[in-house]
Amino acid sequence: RGFPVLRSEAKTGKEFSPRAFSVFGPKLVATRGFFEDRALETRCLTEGTGGRALRTDIPLNLTETYREESLAIRNQLLMYRLRNVGSLAVRPEFLDREIEPRLAQVFLPLLSVIEDEGARGRLQKAARAFHRELVAERGTDREATVLEVIHGLREAVPGTPVAVKAITEALTDRVGEDWDRKITPHWVGYLLRRKLGLRTERHESGYVVAPGESGKLDRLIERYGVTVGHVERREEPEVPALHEL
């Protein structure tokens, strides 16, 4: 909010001058697939639309009726905004602390404007389904496998700092040649520091995950859905289509 988009506009048909536009707000974006940037994708509520056959009542070419109906919908939405601009506010009581903070941030404004309790409950279930899907997707990352190994090593020898060398050996035994690069202590240290944000310290026997990172490690393990010995895989209900809510 507050960051403008600059565009050039012609004045008197001759001179082009930059003009700042405020574009903050929800957007509907049609794409051919998911965004490669996960940070961008997690700020979206994505619905795949290619799984159903085209309804016979939808024309292949847009007609004048479409333009009239879309204008009526835009007018209704504008009237809703004018009538409620001073009365709507984010309602913190609908904030779900059990899901990803970013997802909770995206869903909270929607939950705040819904008056029907049944519709609000269905949207809350959708938010939790999106959360489980996000955790399951993270569980396929290399970082999840590293966390899985660390978790297992911590459980095997509680209270002992986990050595980078031990992580490397466990990863080598586990994934072998499945990964497209050689697993070395140097690369594992890079994953720990740069990808997972965990500090490492040098001890007499080599580098270890810093003991002070225990709390952060616990949060990462929870975030990636890691359990002892494996990444947790649960049968989850299908994410409901947004238009069905």
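One numbering rule holds for all chains: residues counted from 1, following each sequence as written. Reporting of local features is limited, given that this is a predicted model, to residues whose pLDDT is at least 70; pairs of side-chain atoms are given and counted only at 80 or more, and all residues count toward the totals for whole chains, interfaces and linings. Processing note: side-chain calculations cover all non-hydrogen atoms of the structure and skip hydrogens and water entirely.

### A word on the packing of helix α5 (residues 142–156) against helix α7 (residues 185–195)
Axis definition: a line fitted to C-alpha atoms, over the contacting stretch in the case of helices. Angles run 0 to 180 degrees between N-to-C directions. Starting at the N terminus, helices and strands are each numbered in turn, a helix being any DSSP run of H or I of at least four residues and a strand any DSSP run of E of at least two. α7 packs onto α5 with a crossing angle of 105° between their chain directions and a minimal axis gap of 11 Å. Taken together, α5 and α7 sit at an angle that is classed as roughly perpendicular. Contacts between α5 and α7 involve R142, E143, V146 and I150 on the former and, on the latter, W187, L191, L192 and K195. Any residue that is not Ala, Val, Leu, Ile, Met, Phe, Trp, Tyr, Cys, Pro, Asp, Glu, Lys or Arg is counted as polar, Gly included; the first ten are nonpolar and the last four charged. Of the residues contributing to the contact of α5 with α7, the split by class is 5 nonpolar, no polar and 3 charged. The scheme is simple: roughly parallel for angles under 35 degrees, roughly antiparallel for over 145, roughly perpendicular for 65 to 115, oblique for anything else. Two residues form a contact once any of their heavy atoms are found within 4.5 Å.

### A short note on the nonpolar core
Nonpolar cores were defined as sets of buried Ala, Val, Leu, Ile, Met, Phe, Trp, Tyr and Cys residues, with membership established by side-chain atoms within 4.5 Å. For every residue, the accessible area obtained with a 1.4 Å probe (protein chains only) is divided by the maximum for its type, and the residue is called buried under 20%, exposed over 50%, and partly exposed between those limits. Within the largest apolar cluster, 24 residues are counted, with the highest numbers of intra-cluster contacts made by V146, L147, I167, L171, L192 and L196. When contributions to this core are tallied by element, the ones reaching two or more residues are α5, α6 (164–175), α7 and α8 (214–223). Excluding its chain neighbours within four sequence positions, the residues that come into contact with I167 are V146, V149, I150, L153, V162, V188, L192 and V209. Of all hydrophobic cores here, the second largest spans 10 residues; its members include F94, L103, F107 and L111.

### Concerning the pattern of salt bridges
Within this document, salt bridges are pairs made up of a side-chain nitrogen of Lys or Arg and a carboxyl oxygen of Asp or Glu, the two lying within 4 Å of each other. This model, assessed by the stated rule, comprises 11 salt bridges. Residue R55 pairs with D57 through a salt bridge whose shortest N-O separation is 2.9 Å. Judged by relative accessible area, which is 53%, R55 ranks as exposed. Three or more residues are tied together by salt bridges with common partners; here these are R199, E201, E213 and K216.

### Regarding the environment of D96
Among the structural elements, D96 can be located in the loop between α2 (64–84) and α3 (101–113). Take D96: its relative accessible area is 17%, and that puts it in the buried class. Separated by 31 residues in sequence, D96 and A127 place their C-alpha atoms 8.9 Å apart. Excluding residues within four positions of it along the chain, D96 makes contact with A104 and R128. Polar contacts here mean pairs of N or O atoms no more than 3.5 Å apart (in protein, one a potential hydrogen donor and the other a potential acceptor; neighbouring residues in sequence count only if both atoms are side-chain atoms). At a separation of 2.9 Å, a polar atom in the side chain of D96 contacts the main-chain amide nitrogen of E98. Within polar-contact distance, the side chain of D96 engages the side chain of R128 at 2.8 Å.

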